[in-house]
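The lines below spell out each chain.
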Amino acid sequence: MAGVGCGCAGPMEWPAGAVSPLNIPSWRAFPLRARLRELFPGRPVLVHNDGVALAAGEHWAGAGRGVRNLLAVTVSTGVGGGLVLGDRLFHGTSGNAGHIGHLVVDVDGPDCPCGGRGCVEALASGPRTVHRARAAGWAPAAGQPADGHTLAAAAAAGDEIACRELARAGTAVGAGLASSASLLDLEVAVVAGGFAQSGPIFWDALLAGFGRHAGLAFVRRLRIERSDDPGRIALRGVAAFVLAPHRYGWPD
Ligand SMILES: [Zn+2]
């Protein structure tokens, strides 16, 4: 065995690999990397954000093969992402590069879980989109959970409020992609997560939002792809951390 690569929801201390995933409350500063090192002594153990794993996987063996500059985005309970720049995984100063979820797309927008306001995540995450729809009067059918999946199904069935709020989420992600492409001169953006798979209401709004905010020719050239199998691609990404360290690894 060459080593162990691991993707985990953030936030985390990187590269130390102490993780505090918002959706696993019992893990706060949990020493995931240290525990894995105890289990696999003498092997490289690399832990990074799941959005970063997706970016590495899409670049190594997915929609971004052969591309030099790529952003991967996951739209789920939160909105995360990862970046490949100049043909290499780009970590930033603290390992948090690619955090498109906290790119501001509405300066007067709603408060965000990060403490800021008007972020992509505040407008496009599953819980925030459901919250907005519920406040506007949408309710799931009896016995159904009020979650992103149910909301997307209601939108697909023609519910007006669900359609509007799902589209607003898509618009926010599209605007975030336009801003990202403008800053980073990207070639490809790959979008994953439940809303991305939910159908044309979210996706058409995303493309329209991008089109409205992408003014310059180099920004408009961004190719936007839907990740066809994010779970499998992210697994390839964590393998790439270990197996292709010249592009996807990092020093301790
Ligand atoms: Zn935020």
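Please refer to the structure higher up on the page.
Residues numbered from 1 in each chain as written. Predicted model: local features only at pLDDT ≥ 70, side-chain atom pairs only at ≥ 80, totals over all residues. Heavy atoms only, no water.

**Description of the side chain of His-48**
So, point 1. Looking at where His-48 falls in the secondary structure, it is placed in strand S5 (residues 45-49).
So, point 2. Within the local environment of His-48, its side chain forms a polar contact with the side chain of His-91, the two groups lying 3.0 Å apart.
So, point 3. Those residues in contact with His-48 that lie beyond four places of it in its chain are Cys-6, Gly-7, Cys-8, Met-12, Trp-14, His-91, Gly-95, Phe-241 and Trp-250. (Helix = DSSP H or I, 4+ residues; strand = E, 2+ residues; numbered from the N terminus. Polar contact = N/O pair within 3.5 Å; in protein donor to acceptor, adjacent residues only side chain to side chain. Contact = heavy atoms within 4.5 Å.)

**Some details on the pairing of strand S6 (residues 70-75)**
So, point 1. Taken across its 6 residues, S6 has 5 buried, putting it largely inside the fold.
So, point 2. As judged from the 5 bridges shared by S6 and strand S9 (residues 188-192), these two strands associate in the parallel manner. When the sheet's bridge partners are listed, Leu-70 is paired in S9 with Val-188. (Buried < 20%, exposed > 50% of the residue type's maximum accessible area, 1.4 Å probe, protein only. Pairing = 2+ DSSP bridges.)

**Considerations on the sheet that holds strand S4 (residues 30-31)**
So, point 1. With antiparallel pairing, the 3 strands of this open sheet are ordered in space as S2-S3-S4. Two strands close off the open sheet at either side, each with one partner strand: strand S2 (12-13) and S4.

**Focus: the coordination of the zinc ion**
So, point 1. The protein atoms that coordinate the zinc ion are His-102 (ND1), Cys-112 (SG), Cys-114 (SG) and Cys-119 (SG), at distances spanning 2.0 to 2.4 Å.
So, point 2. Because the angles between the 4 donor atoms bound to the zinc ion fall within 104 to 121°, the donor set is best described as tetrahedral.
So, point 3. Spacing between the donor residues of the zinc ion along the chain follows H-x9-C-x1-C-x4-C.
So, point 4. Judged by relative accessible area, which is 45%, Cys-114 ranks as partly exposed. (Donors = N, O, S within 2.8 Å, 3.2 Å for Na, K, Ca; no water. Tetrahedral: all angles 85-135°; square planar, octahedral: opposite > 155°, others 65-115°.)

**Some thoughts on the sheet that holds strand S7 (residues 79-85)**
So, point 1. Spatially, S8-S7-S6-S9-S10 is the arrangement adopted by the 5 strands of the open sheet, whose pairing is mixed. The two strands at the open ends of the sheet, each matched to only one other strand, are strand S8 (88-90) and strand S10 (223-226). Geometrically, the sheet is characterised by an average inter-axis angle of 25° between neighbouring strands, direction not taken into account.
So, point 2. Packed on one face of the sheet, helix H7 (residues 200-213) meets S6, S9 and S10 and runs near 165° to S10. (Axes fitted to C-alpha atoms, helices over the stretch in contact; angles between N-to-C directions.)

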